Amino acid sequence: MNPRVVQPADAPISLPSDRIRDFSAGFLKNRQRYLDVVKAFGSPLYLVETAVLSTRAAQFRQAFESRLPHTAFYYAMKSNNLPYISTVLLSLRYGLDVSSGLELTTAVNLGATDILFSGPGKTDAELELAVSYRDRVTPLLDSVGECRRLASILERRQVSMGVGIRLNITPEGLWRKFGIPLSLLPDLYETIRQHPYLEFKGLQFHSSWNLTPDRQIEFLNDLGPRLAAMPEHFKQALAFVDIGGGYWPPQGEWLLSDEPGHYLLNPADPIDVFADRLADAINRRLLAHLDCRICFEPGRWVCNDAMHLLMRVIDRKAPDLVITDSGTNAVGWERFESDYFPVLNLSNSGLSEHACHILGALCTPHDVWGYSYLGTHIGEGDILMIPTQGAYTYSLRQHFIKALPRVAVIDENGRFFMPTDDKIFHEQ
């Protein structure tokens, strides 16, 4: 399964080899810490670095808070649904963006008090659950039918609830499934306004795979005049505009090419560039005639760099073929047949890259981690690391053939532990 949903518009460029080495060197300097975690807990492991997660969350928040007067931030749980990730972000004043009753239940159990419930096809049972926690949840209505079903539940239970409306940003093709066309906003708003148990609160839109803010700005340019033309009671009721997530991490997208040892790069704008350009568009198109909070739903950008995969070589079948103790069911799809990440040999570390098939132990030839490793040599028992695997891997993991890795955490003080175990192991 490949979750890519939007292809970048521009052709990728060559990925410089010195960029790969610089990226890898940053992890190899901490190799002993990672090896100690494996010594304590075994392999394979998902490894969370709390300090990285906290830093990314602070960087994202600061970028937009420094440029906009009134903001709010919601972590998109679907990008990595490990409860520990959400717990850390809740402690950093993030709300949670959930897309199912399952995620909503997790969010409520974690103590979240500010939850956006997005996504199409909310079932009656999921809407009932949202109503039960209406003081903590704002559903983002995805259709007229969803609005009607929620209104019926509220009327039956004789309770009121604040709601938002999701707007569709891509009205062609499969992306039609999300939200309503902008042209239908006045009618759905008026339906909500006239219902005694619905209270209109705001709007949301979302685009994915954002290497640049161009598509978000294009929609803001369309949205601004439409909102300016809405009646005054709409503007008074509008408490928030949520511009969604989809922000790509700053290293960009790294891809395999047809040429061995040569890789491709789709560059991504730094978050400060996103913030500069989006704040300019928001101030001109929205805040010039509206007084509302601007909300963001970062997922990938916040969690991607905070989780890594650690595994052990269990069989060296040839000088250029090894099998590891973790299969790609740990990431849920054949990611490494298209995406490139350096495989770092922590046991025999180095920055020279060597051709080698790094494969998992699943009974499928598509169980591929990579076609090379960085190190001096490779052998049975070596500990390998694939860094920055925090986004759309853990959430997509599959119970297929082999057991999944356990989770280990390194906290801000360098201590490591397993989230389901209170025992903390200190570095030696």
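Residues numbered from 1 in each chain as written. Predicted model: local features only at pLDDT ≥ 70, side-chain atom pairs only at ≥ 80, totals over all residues. Heavy atoms only, no water.

**Q** Tell me about the sheet that holds strand β1 (residues 13–14), and name the residues and values.
**A** Here three strands make up an open sheet; going across it, the order is β1-β11-β10 and the pairing antiparallel. Looking at strand neighbours, the two that pair on one side only are β1 and β10 (253–256), the edges of this open sheet. Here β1 runs beside strand β11 (residues 263–266); their pairing, made up of two bridges, is antiparallel. Directly across from Ile-13, in β11, lies its bridge partner Leu-265. (Pairing = 2+ DSSP bridges. Helix = DSSP H or I, 4+ residues; strand = E, 2+ residues; numbered from the N terminus.)

**Q** Can you explain the nonpolar core? Please cite residues and give values.
**A** Side chains that are nonpolar tend, in soluble globular proteins, to be buried together. Counting 104 residues, the largest nonpolar core has Phe-64, Leu-167, Tyr-247 and Ile-294 as the members making the most contacts within it. Per element, the largest residue contribution to this core is seven residues, and it comes from helix α11 (residues 271–285). Here Tyr-247 is in contact with Phe-60, Phe-64, Asn-210, Gln-216, Ile-271, Phe-274, Leu-278, Phe-296, Arg-300 and Trp-301, once residues within four sequence places are set aside. With 26 residues, the next largest nonpolar core counts Leu-28, Tyr-34, Tyr-263 and Leu-374 among its residues. (Core = buried A, V, L, I, M, F, W, Y, C linked by side-chain atoms within 4.5 Å. Buried < 20%, exposed > 50% of the residue type's maximum accessible area, 1.4 Å probe, protein only. Contact = heavy atoms within 4.5 Å.)

**Q** Which residues make up the environment of Phe-178, and what values go with them?
**A** Among the structural elements, Phe-178 can be located in the loop between β7 (161–166) and α8 (185–194). Along the chain, Phe-178 and Asn-168 lie ten residues apart, while their C-alpha atoms are 5.8 Å from each other. Apart from the residues lying within four places of it in its own chain, the contact partners of Phe-178 are Pro-120, Asp-142, Arg-166 and Asn-168.

**Q** Describe the pairing of β10, with residues and values.
**A** Both β10 and β11 contribute to a ladder of four bridges, which runs antiparallel. For Trp-254, the partnering residue across the bridge sits in β11 and is Leu-265. Counted between consecutive antiparallel strands, the loop separating β10 from β11 contains six residues, among which Gly-261 sits at a positive phi close to 80°.

**Q** Could you give an account of the packing of aromatic side chains, with specific residues and numbers?
**A** Inspection of the entire model under this criterion finds 25 aromatic pairs. Measuring from centroid to centroid gives 4.2 Å for Phe-64 and Phe-296, while their planes differ by 35°, and the two rings are tilted. Pair noted here: Phe-64 is in helix α3 (residues 50–65) and Phe-296 is in strand β12 (residues 293–296), with a separation of 232 residues, a long-range link. There is no split in this pair, since Phe-64 and Phe-296 are both buried. (Phe/Tyr/Trp six-rings, centres within 6.5 Å; stacked < 30°, edge-to-face > 60°.)

**Q** Any details on the sheet that holds strand β6 (residues 137–141)? Residues and values, ideally.
**A** Strand order in this closed barrel of eight strands is β3-β4-β5-β6-β7-β8-β9-β12, and the pairing throughout is parallel. Strand-to-strand, the axes of this sheet are offset by a mean angle of 30°, without reference to chain direction. Across three bridges, strand β4 (residues 95–98) lies against strand β5 (residues 115–117) in parallel orientation. Residue pairing across strands places Val-98 opposite Phe-117, the latter belonging to β5. Sheet strands touched by helix α7 (residues 144–157): β6, β7 and β8 (198–204). Its angle to β6, the strand with the most contacts, is close to 145°. (Axes fitted to C-alpha atoms, helices over the stretch in contact; angles between N-to-C directions.)

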